[in-house]
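Residue-level structural notes
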Amino acid sequence: MLFDSPVYLVFLTLVVLLYWRFDRRRQNLFLLAASYFFYGWWDWRFLLLMAASTAADYLIALQIAKAPSGRRRKTLLIISLVLNFGFLGLFKYFNFFADSFSDLAGALGFASGSLRLAQIVLPPAISFYTFQEVAYIVDVYAGKLEPAKSPIDYALFISLFPHLIAGPIQRPSHLLPQVQRERVFDPDKFFDGIMLIISGLFRKCVIADQCALIANAAFDGRLGHSAGATMLGTFAFAWQIYADFSAYSDFARGSAQLLGFHFMVNFRQPYLATSLQDFWKRWHISLSTWLRDYLYIPLGGSRHGAARTYRNLLLTMLLGGLWHGANWSFVVWGGIHGGCLSFERWIGAGQGRGAIWLRRAGVFAVVCLAWIFFRANSLGHAAQLIADLGHWEWRSEFPAAAAELGALAGIMLAVDLRLENNNEEYVFQNLSEPRRVVAAMALLVAIVLLTASQSSAFIYFQF
């Protein structure tokens, strides 16, 4: 059930209309049923895995809170981590490591074809809800959070449908208390939710899907193999993934606000960043802060000297890359970011004022280089695209593609500059309500007139 599909809008409308008729206890039961229905829309069999994982962590957290000794508490924590990462590793990475081992065995002259017979299907959202479960268990173990007494409340915290498939990754201390307390209908926040959904529709249907047409043509080789094709494809993908994932986040946050919940902001104008560290404070904030708090800091953070700090940055980003997908190209993507973050810290980048737009352009260039590996099908494909930068070949499609991409990127950049300067979460947030209604109508007209001829699934659904 895609957020930008008519069936989701019908589903959301029905859920909202019924939801506000119930008290809190029945609201939670109803939302849990709706969320499981939403998740089961793809394949109901994966509901069993999510339900089993949810039940295990609910019970383990209660036992951790009751455990008198540190040793028993640590044992329970380890059991939970093994279960969560075991499920994630099996379903997300079995094929990857089996194929990698098979390729290595074949290169060494051993028979390895039988390994390719076992293929495991990746359940939707497993990366996202696993990270929420791990954060919950770790916070309960650390004494930062009381375990949920109600299994319904905890299950809803994990499965609440606006964030379930692709985030934002919700912190237990932020979302769980909202699940456990009464929600009051707020007309202003409800209207904000509608505006966020319209903003998401515009970003997805007008910007992301149009950029995808150019990016797909370039990465599929339909624009040839040259510097022009690689640059067009890379820049198009850079704006596609930003518009696409920020659109999903707007949908998620808007849908949640219609139900009286608040989700964290997941993007803050990342392409205006003046350093890679600044970029990761603005891009996929729910993931970057999770990696910081549950991986980088436990590894030692920056507390044990420069060498270990660089190691921790690199390990964190390598694992962050692998979290995105079971492919070596994602590992290289994470390695580029980890290496550049370490280099920035070594030279003290981002400390001076300098020419802000030159710094922004430099960060954008590094991010785009890394995007080649993120979008490519394999390391070989990425290497070919980078090699194509040394070859120029004119194609008649280039001017029109460049003009369209420039217009789309210009719209996004103008929106980001307004959000940055006015401290808004969506465009026109600070206008009066009548003017926001006019702006919403204008955006809806633009969506109808400018929606791409071909739609694509949200990129982060695959993770």
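Here goes a summary of the coordinates provided. Just so you know, these numbers come straight off a predicted model, no measurement behind them.

1. What about the overall build of the protein?
Scanning the protein for helices and strands turns up 18 helices and zero strands. Here the protein has a C-alpha radius of gyration of 23 Å; the compact-globule value for 463 residues is 23 Å, and the two agree. The principal-axis extents of the C-alpha atoms in the protein amount to approximately 65 × 65 × 50 Å. Residues counted as buried form 54% of the 463 residues belonging to the protein. When contacts within the protein are restricted to residue pairs at least 6 apart in sequence, those whose partners lie at least 24 apart make up 75%. Summing over all exposed atoms, the protein offers an accessible surface of approximately 20600 Å²; the carbon and sulfur share of this is 65%.

2. Quick notes on empty space enclosed by the protein
On inspection of all chains with the given rule, the structure shows two cavities of 30 Å³ or more. The computed volume of the largest cavity comes to approximately 170 Å³. Taken together, 18 residues form the lining of the largest cavity, with Arg203, Asp250, Val265, Phe267 and Glu425 sitting closest to its centre. Contributing elements (two or more residues each) for the lining of the largest cavity: helix H9 (187-219), helix H10 (227-258) and helix H17 (398-422). Considering every element that reaches the lining of the largest cavity, the biggest residue donor is H10, with five residues. For the lining of the largest cavity, the class distribution of residues is six nonpolar, five polar and seven charged.

3. Overview of helix H13 (residues 306-324)
Spanning 19 residues, H13 covers 27 Å between terminal C-alpha atoms, matching the ideal 27 Å at 1.5 Å per step. Residues of H13 that are buried: Thr309, Asn312, Leu313, Thr316, Met317, Gly320, Gly321, Leu322, Trp323 and His324.

4. Here we look at the packing of aromatic side chains
For the coordinates displayed, the defined rule picks out 50 aromatic pairs. Here Tyr19 and Trp20 contribute two aromatic rings whose centre-to-centre distance is 4.9 Å and whose plane-to-plane angle is 80°, an arrangement assigned as edge-to-face. For Trp20, a relative accessible area of 23% corresponds to the partly exposed category. Each ring, one from Phe245 and one from Phe267, has its centre 5.3 Å from the other, and the planes form 85°; the classification is edge-to-face. Separated by 22 residues along the polypeptide, Phe245 in helix H10 and Phe267 in the loop between H10 and helix H11 (276-282) bring together distant segments of the chain.

5. As for the nonpolar core
For soluble globular proteins, the rule of thumb is that nonpolar side chains tend to be buried together. Residues Tyr136, Phe261, Tyr271 and Trp371 are the most contacted members of the largest nonpolar core, which totals 138 residues. Sorting elements by how many residues they give to this core places H9 first, with 17 residues. Not counting chain neighbours up to four residues away, the residues in contact with Phe261 comprise Tyr19, Leu31, Leu160, Leu175, Gln178, Val179, Arg183 and Ala256.

6. Topic: unusual backbone geometry
Here the amide bond leading from Gly167 into Pro168 is cis, since omega sits at 0°, within 30 degrees of zero. With respect to the helices, strands and loops of the structure, Pro168 is situated in the loop between helix H7 (161-164) and helix H8 (172-180). One non-glycine residue, Gln269, adopts positive backbone phi at about 50°. Counting through the fold element by element, Gln269 comes out in the loop between H10 and H11. Of the residues examined, Gln269 reaches a relative accessible area of 8% and is grouped as buried.

7. Some points on the packing of helix H14 (residues 328-347) against helix H15 (residues 356-375)
It is the contact of H14 with H15, at a shortest axis distance of 7 Å, that shows an interaxial angle of 160°. If you check the angle between H14 and H15, you find them roughly antiparallel. For the crossing formed where H14 meets H15, the hand is right-handed. Contact residues: H14 offers Ser329, Phe330, Val332, Trp333, Ile336, His337 and Cys340, while H15 offers Val366, Val367, Ala370, Trp371, Phe373 and Phe374.

8. Some words on helix H16 (residues 379-387)
Of all the residues in H16, the buried ones are His381, Ala382 and Leu385. The buried residues of H16 all sit within an arc of 100° when viewed along its axis, so they share a single face.

9. What about the side chain of Arg24?
Its place among the elements puts Arg24 in helix H2 (residues 24-40). Residue Arg24 is classed as buried on the basis of its relative accessible area of 18%. There is a polar contact of 3.1 Å between the side chain of Arg24 and the backbone oxygen of Val179. Sequence-distant contacts of Arg24, defined by excluding residues within four places in its chain, comprise Asp153, Val179, Gln180, Arg181, Glu182 and Arg183.

10. Things to note about the packing of H9 against H17
Between H9 and H17, the least distance of the axes is 10 Å, while the angle of their chain directions is 145°. Crossing geometry of H9 relative to H17 is assigned as left-handed. Here Phe202, Arg203, Val206, Ile207, Gln210, Cys211 and Ile214 of H9 lie close against H17, whose contacting residues are Ala401, Glu404, Leu405, Leu408, Ile411, Met412, Val415, Asp416 and Leu419. Grouping the amino acids of the contact of H9 with H17 by side-chain chemistry returns twelve nonpolar, one polar and three charged.

11. Focus: the state of the cysteines
Applying the stated rule across the entire model yields zero disulfides. Here Cys211 stays unpaired: no disulfide links it, and the sulfur of Cys368, its closest cysteine neighbor, is 12 Å away.

12. Considerations on the pattern of salt bridges
Considering all chains together, one arrives at 14 salt bridges under this definition. Taking the shortest distance from any N to any O, the salt bridge between Arg171 and Asp293 comes out at 2.8 Å. Taken as a pair, Arg171 in the loop between H7 and H8 and Asp293 in helix H12 (residues 285-299) lie far apart in primary sequence, 122 residues in all. Among the ionic pairs, Asp220 bridges to Arg222, the shortest N-O distance being 3.3 Å. Salt bridges sharing partners connect three or more residues here, namely Arg171, Arg292 and Asp293.

About the cut-offs
- Residues numbered from 1 in each chain as written.
- Predicted model: local features only at pLDDT ≥ 70, side-chain atom pairs only at ≥ 80, totals over all residues.
- Heavy atoms only, no water.
- Helix = DSSP H or I, 4+ residues; strand = E, 2+ residues; numbered from the N terminus.
- Rg over C-alpha atoms; globule rule 2.2 N^0.38 Å.
- Buried < 20%, exposed > 50% of the residue type's maximum accessible area, 1.4 Å probe, protein only.
- Contact = heavy atoms within 4.5 Å.
- Areas by Shrake-Rupley, 256 points an atom, 1.4 Å probe, with all protein chains shown as cover.
- 1 Å grid on protein atoms, 1.4 Å probe; cavity = no way out; pocket = protein on both sides within 12 Å on 5 of 7 lines; lining within 4 Å.
- Points joined across faces, edges and corners; volume = space filled by probe spheres on them.
- Nonpolar A, V, L, I, M, F, W, Y, C, P; charged D, E, K, R; others polar.
- Expected span 1.5 Å × (residues − 1).
- Phe/Tyr/Trp six-rings, centres within 6.5 Å; stacked < 30°, edge-to-face > 60°.
- Core = buried A, V, L, I, M, F, W, Y, C linked by side-chain atoms within 4.5 Å.
- Axes fitted to C-alpha atoms, helices over the stretch in contact; angles between N-to-C directions.
- Parallel < 35°, antiparallel > 145°, perpendicular 65-115°, else oblique.
- Left-handed = near helix turned anticlockwise from the far one by under 90°.
- Arc of directions from axis to C-beta.
- Polar contact = N/O pair within 3.5 Å; in protein donor to acceptor, adjacent residues only side chain to side chain.
- Disulfide = S-S within 2.5 Å.
- Salt bridge = Lys/Arg side-chain N within 4 Å of Asp/Glu carboxyl O.

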